[in-house]
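Tertiary structure, described
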Amino acid sequence: MLASAVAAIERHALPARLAAERQHREACHALERRLAEVEQRIPWWERVAFFHDAPDELTARTLGTELAAARARLERASAELATAVAAAGAESPPVELGYRIDRVIRETLADGRVGRLAPAGKPVALELEALAERTLELFTAGFDASATVAALVDPAARRALAARAGRAPSRDARLGWAPATGEQIAAWAARALDGPALGTALAILARERSECDAAARALAAARSRVTAWEALAPGKSAAELAVDEVAGHLAREQAEAVSAAASVAMQIEGSLAAYPPVGVAEQALAAAAILRCLRPKQEDALSPEGERLVTAAADVRAIFLAALVELERAFGVAFPGLMARLSPRAAPGRAAPRGDEAPPARAEPLPYRVASGAPDAPSTLPASAREDAERALRDDLTRAGLRPRLEQLLAHGLMVAAARRATRGVAGRIRFADRLAFWSSSPDEAAAHELGARERWHRAVLDAERHAVLNTLASITWQHPELAYQRSLRAAHAWLEAVSTYNGSRAPSVCPVHHRIEVLQALDATIAELGRCFGLQGHLGDLASAVKAHLRATAPPAGAPPPPGPRRLAWDQVVLLVAEALRATDFVALDHALCVAHEVRAEATAVAAEAAATVTFWDKVNVFTKSPAEERRDAKRAEAATEVGRIAALAGQATALLVAAMRAYPPAGLYYGLIEARAAVASIRAERRTHTTTTGTGSSRTTTTHYTCVLVGKEAALRRLRGWTRDMVRALGVTPTDTELCERWVATALA
């Protein structure tokens, strides 16, 4: 670590000032949250009644005063910190750079909109570009990265530069690294490229170019074999089909050649980090390019009220956080140990971790509880089980190669930044007369066009790689029931809202119901994953049967009942828990009474049927009196009807006891409740209805009948599913989406 930087940090008490500023900021955030909660409780009529203040209004006024004072303290602390950082940066510029990097990271972690909303990312991108410019200003003199890269492409120039490399970059007491010229940086980069990796990439590029040339010659030969008559005739001849096949082969070879050229360019661009300060500037530009190039898409989420939300996806934010991890790592390579002294995010001595390393301890578990909307809701998983699940998830992410994919994304982001940098340099040399001469292009205009095409290619690959990351996350999600069941549930909400029927003025004879099958499939997947996660199966009747079998077959167990608390049980344990909760109730007696009632009803129904069979035709005609057979039939039917009512009442009491017993294991109630919600979805139907309209008057009056399709049961199903989702969120919390999962996985390296 730089002695001058350490002395400047201690002289200006930066750690204490950073901690104080963070403490004041957290106090402001806490007061803002409390004030928002109190203001939400104040009804509008209390606000109108200005002649007196309700208790909540008094509390809000007190909190507002405290918040104003806290903000004033924060402003003073921030001003003192800025002054101290400026003074320390004047003595040791790496202190300024490290503070700016840490501030970008802290603000990004605190502001979830960065990477999700484009306007929120623009100031961050500008700060990173300014940081890169400041770094190059401090450590390089007349360094032109584009010219250096162009020189490194030529093998002869690269060998000559490597021969003049001399010793490694030297140290400086104030800057950490002695300022270097562009020629020195090029020489160090050439020496870093002196290895087998670049030679292999160049050999692959040469082979791909040779194959492209061969494919181009084959295409020219194939086109020469197409006659003029074949070109004019309808359809395609065998020669024309051969041309199409060869053209497709050429396109594939060209794509492979472009990819090989990009691989060479990436190695050359990355070699500039042989001078560590340039590596810091490069990573800052790559992070800014990520924010500027990628646009977040939308994804489904669940609100605490159980409704579907369409929010901005977090995949761009996750990639940007990975870029910040690399930026912090590059700064750690250039100035070891300095970030740990500047950053209030960790204790001194913290090394910049990578995305697949074990994250530090977090107050909020990853990834199975994000925000439930009910902070006091108990988790269904004990701490040890959550830790095992999180560890298994991290292992799966590592085995799936998520880190190399993210590194590939960042490499393309760096190439986009390099192309933009080179384009700005070339565009500055294009004269106004060259722009007016649209019939021809100057060399600079041609170079700008080529750089623009290169930037577009890297942006397209960047977007494709982002989708590959999402596909990798999706494949991992389905392997974890804790994540899979809520993913299916989000799909069920989206499909249910899309359920529709024919909306034309002339309805078909049978009205269709669109997307109901998709909703049922998503709910079936949710039920299956929820059961697999919490050891549940079948319907509520299956649980009741298993519980009754257990109660009839066993005696009361000795010792204490199963301990309460969050846990995950197997099916046998669920049956045992519910059965023992019902043992001291009337559940067994109700079940026995139900069996007796069913037998009585069956017997009465059978006797009524026998009596009805003996009723003669003359007995039916005689409406004044009833024959003995009719009286017996009616009596048994009345008895059967009475038993049906009694069965319904007994079944209701038994079900109520069973549902109450399932409260000892909340997932059980949710599981069987979702099956009932599925039944509500399955009952959605479309009816064909008619209405008439009359036009004209007198003899010209006409009446027209219109047939329309109307959905029945969709609103009830929506209310049922949203109510179930609200209960699920309160009991189990909300798991992250695939993009949020990636974001949280990367953010652990910065927390």
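Residues numbered from 1 in each chain as written. Predicted model: local features only at pLDDT ≥ 70, side-chain atom pairs only at ≥ 80, totals over all residues. Heavy atoms only, no water.

This part covers the overall build of the protein. Scanning the protein from terminus to terminus reveals 29 helices and eight strands. Counting across all 751 residues of the protein, residues that qualify as buried make up 44%. A fraction of 79% describes how many contacts in the protein between residues 6 or more apart in sequence connect residues 24 or more apart. (Helix = DSSP H or I, 4+ residues; strand = E, 2+ residues; numbered from the N terminus. Buried < 20%, exposed > 50% of the residue type's maximum accessible area, 1.4 Å probe, protein only. Contact = heavy atoms within 4.5 Å.)

Strand direction decides the pairing type here: strand β5 (residues 298-302) and strand β6 (residues 308-312), joined by five bridges, are antiparallel. Bridging from a neighbouring strand, E299 pairs with T311 of β6. Linking β5 back to β6 in an antiparallel pair, the connection comprises five residues, with G306 at a positive phi of about 85°. (Pairing = 2+ DSSP bridges.)

Turning our eyes to something else, we now look at the pattern of salt bridges. Pairing is possible between side chains of opposite charge, provided their charged atoms come close. In total, this model carries 42 salt bridges according to the counting rule given. With its nearest N and O atoms 3.7 Å apart, the salt bridge here joins R17 to E80. Here E80 lies in helix α4 (residues 55-91) and R17 lies in helix α2 (residues 14-41), a separation of 63 residues in the sequence. Residue class for R17 comes out partly exposed when judged on its relative accessible area of 31%. The salt bridge involving R720 is made with E676; its shortest N-O contact spans 2.9 Å. One end of the pair, R720, is in helix α28 (residues 714-732); the other, E676, is in helix α27 (residues 666-682), with 44 residues separating them in the sequence. The class for R720 is partly exposed, based on a relative accessible area of 39%. (Salt bridge = Lys/Arg side-chain N within 4 Å of Asp/Glu carboxyl O.)

This brings us to the state of the cysteines. Under the counting rule described, the total for this entry stands at one disulfide. Covalently, C511 is tied to C709 through a disulfide, its sulfur atoms 2.1 Å apart. Because the torsion about its S-S bond is -80°, the bridge between C511 and C709 counts as left-handed. In this pair, C511 sits in the loop between α20 (481-498) and α21 (516-534) while C709 sits in strand β8 (residues 702-712), placing the two residues 198 residues apart along the sequence. This pair shows no difference in class: C511 is buried, exactly as C709 is. (Disulfide = S-S within 2.5 Å.)

A few words now on unusual backbone geometry. In this structure, A13 is a non-glycine residue whose phi angle is positive, near 50°. Relative to the assigned elements, A13 resides in the loop between α1 (3-11) and α2. Of note in the backbone geometry, H515 takes a positive phi value of approximately 75° without being a glycine.

In this section: the side chain of T739. Its place among the elements puts T739 in helix α29 (residues 738-747). One polar contact links the side chain of T739 to the main-chain amide nitrogen of A314, over a distance of 3.0 Å. Those residues within four positions of T739 in sequence are excluded, and the remaining contacts are E299, A313, A314, D315, A318 and L470. (Polar contact = N/O pair within 3.5 Å; in protein donor to acceptor, adjacent residues only side chain to side chain.)

This part takes up the nonpolar core. In globular proteins that are soluble, nonpolar side chains generally tend to be buried together. L14, L128, F320 and L324 are the most contacted members of the largest nonpolar core, which totals 98 residues. The leading source of residues in this core is helix α14 (residues 315-334), at 13 residues. L536, F587, A668 and W724 belong to the second-largest nonpolar core, a separate cluster that totals 58 residues. (Core = buried A, V, L, I, M, F, W, Y, C linked by side-chain atoms within 4.5 Å.)

Our next topic: the packing of aromatic side chains. Aromatic rings in a pair are described by how distant their centres are and how their planes are angled relative to each other. Counting across every chain of the model gives five aromatic pairs. Ring centres 6.3 Å apart and planes at 70° place the aromatic pair Y485 and F534 in the edge-to-face group. Separated by 49 residues along the polypeptide, Y485 in helix α20 and F534 in helix α21 bring together distant segments of the chain. By relative accessible area, F534 is classed as buried at 3%. Ring-pair connections join several aromatic residues into one group, and the members of that group are F139, F331 and F335. Against the face of W177 rests R171, its NZ or CZ located 3.8 Å from the ring centre. (Phe/Tyr/Trp six-rings, centres within 6.5 Å; stacked < 30°, edge-to-face > 60°. Lys NZ or Arg CZ within 6 Å of the ring centre and 35° of its normal.)

Regarding helix α7 (residues 145-153), the residues found buried are A145, T148, V149 and L152. Buried residues in α7, looked at end-on, bunch into an arc of 100°, giving them a common side. (Arc of directions from axis to C-beta.)

Given a rise of 1.5 Å per residue, 20 residues ought to cover 28 Å, and the 29 Å separating the end C-alpha atoms of α14 matches this to within 8%. Burial analysis of α14 places 17 of its 20 residues in the buried class, which makes it a mostly covered element. (Expected span 1.5 Å × (residues − 1).)

The next point concerns the packing of helix α8 (residues 155-163) against helix α9 (residues 182-193). At a closest axis distance of 7 Å, the pairing of α8 and α9 adopts a crossing angle of 105°. When the axis of α8 is compared with that of α9, the two are roughly perpendicular. Of the residues in α9, those in contact with R158, L161 and A162 of α8 are A186, A187, A190, R191 and L193. Split by residue class, the contact of α8 with α9 holds six nonpolar, no polar and two charged. (Axes fitted to C-alpha atoms, helices over the stretch in contact; angles between N-to-C directions. Parallel < 35°, antiparallel > 145°, perpendicular 65-115°, else oblique. Nonpolar A, V, L, I, M, F, W, Y, C, P; charged D, E, K, R; others polar.)

Moving on to the confidence of the model for the protein. On average, residues of the protein score 81 in pLDDT, and 86% of them are at 70 or above. At the level of individual helices and strands, the protein shows its lowest average pLDDT in helix α18 (residues 432-436), which scores 51, and its highest in α21, which scores 93. This model gives residues 347-384 a pLDDT under 50, and the stretch forms 93 contacts once residues within four places in sequence are excluded. (pLDDT = per-residue confidence, 0-100.)

Bringing the environment of I204 into the picture now. By secondary structure assignment, the location of I204 is in helix α10 (residues 196-224). The spacing of I204 and A261 is 57 residues in sequence and 8.9 Å in space, taken between C-alpha atoms.

Looking at where D194 falls in the secondary structure, it is placed in the loop between α9 and α10. Put simply, D194 and R158 are 36 residues apart on the chain and 8.8 Å apart in space, counted from C-alpha to C-alpha.

Relative to the helices and strands, Q486 is located in helix α20. Of the residues examined, Q486 reaches a relative accessible area of 0% and is grouped as buried.

This part takes up the pairing of strand β7 (residues 685-695). Direction of pairing for β7 relative to β8: antiparallel, over a ladder of 11 bridges. Each residue of the ladder has a partner; that of T695, found in β8, is T702. Between the end of β7 and the start of β8, which pair antiparallel, lie six residues, with G696 showing a positive phi angle near 80°.

Topologically, A649 is positioned in helix α26 (residues 628-661). Once the C-alpha coordinates of A649 and L594 are considered, the two residues, 55 residues apart in sequence, prove to be 9.4 Å apart.

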